[in-house]
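Descriptive analysis of the structure
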Amino acid sequence: MSLGLEVAILPGLAIARRIDEDGDWKRHLMLSPAFGLLACLGLAGMCFILEWSLDTLTNLLIAANIAAIIAIRVELNPEPKEHKIERSPWFWIFTTSACFIALTPLSFMRPMGVDWIGFASLADSISNTGGFNLRDPSIGEWLYPPAFPMLAAWLGGPSHLSVFWLGTMCFVALLLGVAAIGEKMGCGHWTIMAMLLAPALFAKNLDSGYPTVASQLGLIVILMMFGQKLKWNLIAITALIVAMIHPTGLIYLSTLVLAHLIIAKRGDFTITDRV
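Time to look at the state of the cysteines. As enumerated under the stated definition, the model contains 0 disulfides in all. Looking at Cys187, it has no disulfide partner, and the nearest cysteine sulfur is the one in Cys99, 18 Å off. For Cys187, a relative accessible area of 31% corresponds to the partly exposed category.

As a further point, take the packing of aromatic side chains. Per the counting criterion, the structure on display carries 7 aromatic pairs. With 4.5 Å between their ring centres and 35 degrees between their planes, Phe48 and Phe132 make a pair best called tilted. Of this pair, Phe48 sits in helix α2 (residues 25-49) while Phe132 is found in the loop between α5 (115-129) and α6 (147-155), placing the two residues 84 residues apart along the sequence. One exposure class covers both Phe48 and Phe132, and it is buried. Centroid distance Phe119 to Tyr144: 5.8 Å. Interplanar angle 45 degrees. Geometry classified as tilted. Taken as a pair, Phe119 in helix α5 and Tyr144 in the loop between α5 and α6 lie far apart in primary sequence, 25 residues in all. Here the aromatic residues Phe119, Tyr144, Phe148 and Tyr210 are joined through ring pairs into a cluster of three or more.

Our focus in this paragraph is the layout of surface pockets. Each pocket or cavity is described by its volume, and for the second largest pocket that value is around 530 Å³. If you trace the second largest pocket, you find 22 residues lining it, with Pro11, Ile15, Ile19, Ala39 and Leu234 closest to the centre. Of all the secondary-structure elements, those providing two or more residues to the lining of the second largest pocket are α1 (9-19), α2, α3 (54-75) and α12 (232-243). Here the residues of the lining of the second largest pocket are counted per class, giving 17 nonpolar, 2 polar and 3 charged.

Close contact between α5 and helix α7 (residues 159-184) brings their axes to 8 Å; oriented N to C, the two are set at 115 degrees. In this view, α5 runs roughly perpendicular relative to α7, as classed from their interaxial angle. Between α5 and α7 the crossing geometry is right-handed. When α5 is examined against α7, the residues Trp116, Phe119, Ala120, Ala123 and Asp124 are found in contact with a partner set consisting of Ser159, His160 and Val163. Partitioning the contact of α5 with α7 into residue classes produces 5 nonpolar, 2 polar and 1 charged.

Glancing now at the environment of Pro199. Relative to the elements of secondary structure, Pro199 occurs in the loop between α8 (190-197) and α9 (200-206). Accessibility expressed as a relative area gives 52% for Pro199, which makes it exposed.

In this structure, Leu166 and Leu217 are the most contacted members of the largest nonpolar core, which totals 78 residues. With 15 residues, the single largest contributor to this core is α7.

With 22 residues, α3 extends 31 Å from end C-alpha to end C-alpha; this agrees with the ideal 32 Å at 1.5 Å per step. Here α3 has its buried residues at Leu57, Leu61, Asn65, Ala68 and Ile72. What you see down the axis of α3 is that its buried residues fit within an arc of 85 degrees, all on one side. Opposite the buried face of α3, by more than 90 degrees, sit the exposed residues Asp55, Asn59, Arg73 and Val74. For α3, the elements touching its buried residues are α1, α2 and α6.

Right, let's get into the side chain of His28. Residue position: His28 is located in helix α2. If we skip the residues at most four places from it in the chain, His28 touches Leu13, Ala16, Arg17, Asp20 and Gly23.

Moving on to the packing of α3 against α6. Relative to each other, α3 and α6 sit at 90 degrees, their axes nearing to 10 Å. Between α3 and α6, the angle is such that the two are roughly perpendicular. Contact with α3, carried on its side by Leu54, Leu57, Thr58 and Leu61, involves Met150, Ala153 and Trp154 of α6 and no other residues of that element. Per-class residue counts for the contact of α3 with α6 are 6 nonpolar, 1 polar and no charged.

Right, let's get into the confidence of the model for the protein. Averaged over the protein, the pLDDT score is 88; the fraction of residues at 70 or greater is 91%. Here residues 269-275 is a poorly scored stretch, pLDDT under 50, and it has 22 contacts once near neighbours within four places are set aside; other chains count.

What counts, and where the lines are drawn
Residues numbered from 1 in each chain as written. Predicted model: local features only at pLDDT ≥ 70, side-chain atom pairs only at ≥ 80, totals over all residues. Heavy atoms only, no water. Disulfide = S-S within 2.5 Å. Buried < 20%, exposed > 50% of the residue type's maximum accessible area, 1.4 Å probe, protein only. Phe/Tyr/Trp six-rings, centres within 6.5 Å; stacked < 30°, edge-to-face > 60°. Helix = DSSP H or I, 4+ residues; strand = E, 2+ residues; numbered from the N terminus. 1 Å grid on protein atoms, 1.4 Å probe; cavity = no way out; pocket = protein on both sides within 12 Å on 5 of 7 lines; lining within 4 Å. Points joined across faces, edges and corners; volume = space filled by probe spheres on them. Nonpolar A, V, L, I, M, F, W, Y, C, P; charged D, E, K, R; others polar. Axes fitted to C-alpha atoms, helices over the stretch in contact; angles between N-to-C directions. Parallel < 35°, antiparallel > 145°, perpendicular 65-115°, else oblique. Left-handed = near helix turned anticlockwise from the far one by under 90°. Contact = heavy atoms within 4.5 Å. Core = buried A, V, L, I, M, F, W, Y, C linked by side-chain atoms within 4.5 Å. Expected span 1.5 Å × (residues − 1). Arc of directions from axis to C-beta. pLDDT = per-residue confidence, 0-100.

Okay, here's the thing in structure tokens:
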């Protein structure tokens, strides 16, 4: 199941190189999982809404990887600009520690909590019927953001393991993205250390609240724009994808953008155009 997640790497890298122009290859690699999984979840959610099959999703993911390869090759400069970023060893220590803790649930070989039962049932239903069509005792019309169970269904294998791997990897991607954002904003290792001291997301993922955590990936995109002019087309695309994952992420994203606008209007910092 986990092997299918490699489809997120190249699209994520292409997006990271485009959005984070002043970053080096290390920061781009840290951002790649978050951006790549966000793109894959967006394609999965779109396929479900348009009633396209899992085979169509496969073709779209292949096309996304081909487009990413082309974009990366086009952006390669014969004389690349060197971006030398000094990072404290503590940055890597805290980042590695956070990712290790996030991966620890995989050692249990099964998800915890109870939410995974619902996600596994939805993923299994997509694999078998193409939609949220459940048997007794859960017969009825299901209203749930489709991106996460759709991508889990595409991964194949036992549904509970698919949602387990996908949820865990989305959390690791989120932590790597937060670390990259903290380094970009000059906070160094303090940002990821703060994440380690705030166990809420760790507890949520351990309790199998996977789509809730995965929906936070959209915050990485918005945080990349802080101190710059907001790109509303990118915000709109991100908001649409996040809405297909879980409403919690959309609420956080909306309030973050609103906070950015309020602070910018008050003149607490200057928004400059990116060259």
